[in-house]
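# Topology and contacts: notes
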Amino acid sequence: MASKSLFNSMLRPSTISLLCSTSNTLSLLPQSFACVQQVRHRRFPKFVVRPTTRKPWHVRKWTQKKDARLITSNEQFIQDVITQTYVNAESPLKDGPWNRNAYTKGTRRTGVLALKLGHILQWTKEGKSFYVTLLQVLDNHVINYVPPELYSSYPSHQPHHAQRFGLQVVGALSTDPRQFSKPYNNLFVKAGVPPKRWLTRFLITPEAAVQPGTPLFANHFRVGDYVDVQSRTTDHGFQGVIKRWGMKGMPATHGVTKSHRKMGSTGGGGDKDGIWKGKHMPGMMGNKLRSSYGLKIWRINTKYNILYVTGRSVAGLPHTFVRVWDTLLPLKRIRPENAEGLPMPTWFPDDASEPLPEELFDEDLFQFTDPSIDLEAES
């Protein structure tokens, strides 16, 4: 009977009776029987293939509000409120422009946000063809300027910069403020411009600061200067090793079954066994920031604010936003002796004493309006 009651107690779903039993009763139980269910703890810190969390200093941009119940009269009222809030707001430009300083050694100007349009062929006067990428400076405005003494307290400040650089915030492509959250829209009230779809920031020196609310054009740069560009590569999602790294894969025949696109061995034995850090394996492909340095500006369209820069190395698909700024390469950057005619801190429409031509060309670039063959008259 004792063994029967003990067997029944062991079959109960609760283990309270076992824990409350005497030591003699517990001694009769096998050590492997009174086990606790294993709890698998989550990995900490959590491994994220592509982080989606925002930085603490970023303002959330998109909102989930929908205006499906608006009628025509309410829509017109909302448009009037938007116009009064942003278009007719007190612009900081009404207080007068800031002082314009000369370009000196070490000066770093602000950049612009451009839209990648694609690439076309161009020819030099010697007949050599090359590709250029078209970047359109689309509806750019200066949103804010943070002086160096204030920027030094920001989380993104680099200690080795000390208090040398300030922060210039630039936005592109004005949009409907109802598409964004209220904290994001409040960033643009001070500048007196509508909310922008894209925002970025540039490190600049204090003498090159631009007043908030100032528009930026393609004439911010000169033909023949060199620029650096940065944009995101094409997003391919999760891909295998053949597409991501260009591996050969397994043979197509001779006994290979369902392993044609596999990578093969992932690690070896010996003293340094296991998978080494940096091993090429499947994973997320693309959607990373890539920069190209020292691209020459061959041509500028002043009517549509288009820059023609060297090559096809600008990352991303067409209609990708690109950050463009003066190059930092030592042999190609702007020097004070070559800064004559450079817009400082940027180009203003009042600087043009006469109407600008629609197209500005580099002196080495062939223009189709020029004759390709010169014939001399016979004597």
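## What to know about the overall build of the chain
Counting its regular elements, the chain contains 7 helices and 13 strands. Buried residues in the chain amount to 34% of all 379 residues. Within the chain, counting contacts between residues at least 6 apart in sequence, those at least 24 apart form 75% of the total. Counting only carbon and sulfur atoms, one obtains 55% of the accessible surface of the chain, whose full area is about 25,600 Å².

## Some points on the sheet that holds strand β5 (residues 196-204)
Strand pairs in the sheet, formed through backbone hydrogen bonds, run parallel or antiparallel to each other. Pairing within the open sheet is antiparallel, and its 4 strands lie in the order β5-β4-β3-β6. The open sheet terminates on both sides in strands that have one partner only, identified here as β5 and β6 (215-216). Two strands pair when backbone bridges link them, and strand β4 (residues 166-174) and β5 are joined in this way by 8 bridges, in the antiparallel orientation. Paired with Val169 across the bridge in β5 is Arg201.

## Side note on the nonpolar core
A general feature of soluble globular proteins is that nonpolar side chains tend to end up buried together. Core analysis: the biggest nonpolar cluster contains 25 residues, and Leu135, Val227, Val229, Leu307, Val309 and Val324 have the highest contact counts within it. With residues up to four places along the chain from it excluded, the contact list for Leu307 reads Thr133, Leu134, Leu135, Val137, Ala218, Phe221, Arg299, Ile300 and Val324.

## Regarding the side chain of Thr346
Locating Thr346 in the fold gives a position in the loop between β12 (321-326) and β13 (359-361). Of note is the side chain of Thr346, whose polar atom sits 2.8 Å from the side chain of His220. Once residues lying within four places of it in the same chain are set aside, the contact partners of Thr346 are Arg100, Val210, Thr214, Leu216, His220 and Asp351.

## Quick notes on the side chain of Gln230
Topologically, Gln230 is positioned in strand β7 (residues 226-232). A polar contact is formed between the side chain of Gln230 and the side chain of Ser291, at a distance of 3.3 Å. Non-local contacts of Gln230, meaning those with residues more than four positions away in its chain, are made with Leu289, Arg290, Ser291, Phe321, Val322, Arg323 and Trp325.

## A closer look at the pattern of salt bridges
According to the stated counting rule, one finds 8 salt bridges in the structure shown. Notably, a salt bridge pairs Arg178 with Glu75, separated by 3.0 Å at the nearest N-O pair. Remark: Glu75 occurs in helix α4 (residues 72-87) and Arg178 occurs in the loop between β4 and α6 (182-185); sequence separation between them is 103 residues. You can call Arg178 partly exposed: its relative accessible area is 24%. Take Glu75: its relative accessible area is 27%, and that puts it in the partly exposed class.

## Points about a nonpolar patch on the surface
A cluster of nonpolar side chains, Leu121, Trp123, Tyr131 and Phe368, forms an exposed patch at the surface whose accessible area comes to about 400 Å². Tracing the backbone through its elements, the reader meets Phe368 in the segment after β13.

## Let's talk about the packing of aromatic side chains
Within this structure, the stated rule accounts for 10 aromatic pairs. Centroid distance Phe130 to Trp298: 4.7 Å. Interplanar angle 45°. Geometry classified as tilted. With Phe130 in strand β2 (residues 129-137) and Trp298 in strand β10 (residues 289-301), this residue pair connects regions lying 168 residues apart in the sequence. You can call Phe130 buried: its relative accessible area is 15%. Looking at Trp298, the relative accessible area reads 12%, which means it is buried. Where Trp198 meets Phe321, the ring centres are 5.2 Å apart and the plane angle is 40°; that geometry is what we call tilted. One end of the pair, Trp198, is in strand β5; the other, Phe321, is in strand β12, with 123 residues separating them in the sequence. Classification of Trp198 by relative accessible area gives partly exposed; the value is 40%. A relative accessible area of 13% means that Phe321 is categorised as buried. When the ring centre of Tyr308 is taken as reference, the NZ or CZ atom of Arg299 above it lies at 4.6 Å.

## Considerations on the pairing of β4
When you tally the buried positions in β4, you get 7 out of 9 residues, the bulk of the element. Strand direction decides the pairing type here: strand β3 (residues 140-146) and β4, joined by 6 bridges, are antiparallel. Bridge pairing in β4 places Val142 opposite Val170.

## Here's the deal with the environment of Lys332
Looking at where Lys332 falls in the secondary structure, it is placed in the loop between β12 and β13. Placed 36 residues apart in sequence, Lys332 and Lys296 show a C-alpha to C-alpha distance of 9.3 Å. Residue contacts for Lys332: discarding those within four places in its chain leaves Tyr226, Gly294 and Thr327. Here the side chain of Lys332 touches Gly294 through a polar contact of 3.5 Å, landing on its backbone oxygen.

## As for a positive patch on the surface
Where like charges cluster on the molecular surface, the positive patch consists of Lys105, Arg164, Arg333 and Arg335. Mapping Lys105 onto the fold places it in the loop between α4 and β1 (112-123).

Basis of the calculations
- Each chain has its residues counted from 1, running along the sequence as written.
- Only residues with pLDDT of at least 70 get local features here, since the model is predicted, and only at 80 or more are side-chain atom pairs given and counted; chain-wide, interface and lining totals rely on the full set of residues.
- Hydrogens and water molecules were not included; the side-chain quantities draw on all heavy atoms of the structure.
- Each helix corresponds to a stretch of at least 4 residues labelled H or I by DSSP, and each strand to a stretch of at least 2 residues labelled E; elements are numbered beginning at the N terminus.
- Burial here depends on accessible area, computed with a 1.4 Å probe over protein chains only, as a share of the maximum for the residue type. Under 20% is buried, over 50% is exposed, and the range in between is partly exposed.
- When checking whether two residues touch, look at their non-hydrogen atoms; a contact exists if any pair is within 4.5 Å.
- All accessible areas in this document rest on Shrake-Rupley with a 1.4 Å probe, and a residue is counted as covered only by the protein chains that are shown.
- We treat two strands as partners when DSSP finds at least two bridges between them.
- To qualify as a nonpolar core, a set must consist of buried Ala, Val, Leu, Ile, Met, Phe, Trp, Tyr and Cys residues joined through side-chain atoms within 4.5 Å.
- Two N or O atoms count as a polar contact when they lie within 3.5 Å, although within protein this holds only if one can serve as hydrogen donor and the other as acceptor, and sequence-adjacent residues are included solely when both atoms are side-chain atoms.
- A pair is scored as a salt bridge if a Lys or Arg side-chain nitrogen falls within 4 Å of a carboxyl oxygen belonging to Asp or Glu.
- Patch membership requires more than 30% relative accessible area and the absence of a salt bridge. Residues of like charge join within 9 Å; the nonpolar side chains Val, Leu, Ile, Met, Phe, Trp and Tyr join within 5 Å.
- A pair of aromatic rings is counted whenever rings of Phe, Tyr or Trp (Trp by its six-membered ring) have centres within 6.5 Å, and the orientation is called stacked for planes under 30 degrees apart, edge-to-face for over 60 and tilted otherwise.
- Only when the NZ atom of a Lys or the CZ atom of an Arg is both within 6 Å of the ring centre and within 35 degrees of the ring normal do we say a charge sits over the ring.
- The charge count treats Lys and Arg as positive and Asp and Glu as negative. His and the chain ends do not count.
- Working definition for charges: the position is that of NZ of Lys, CZ of Arg, CG of Asp or CD of Glu.

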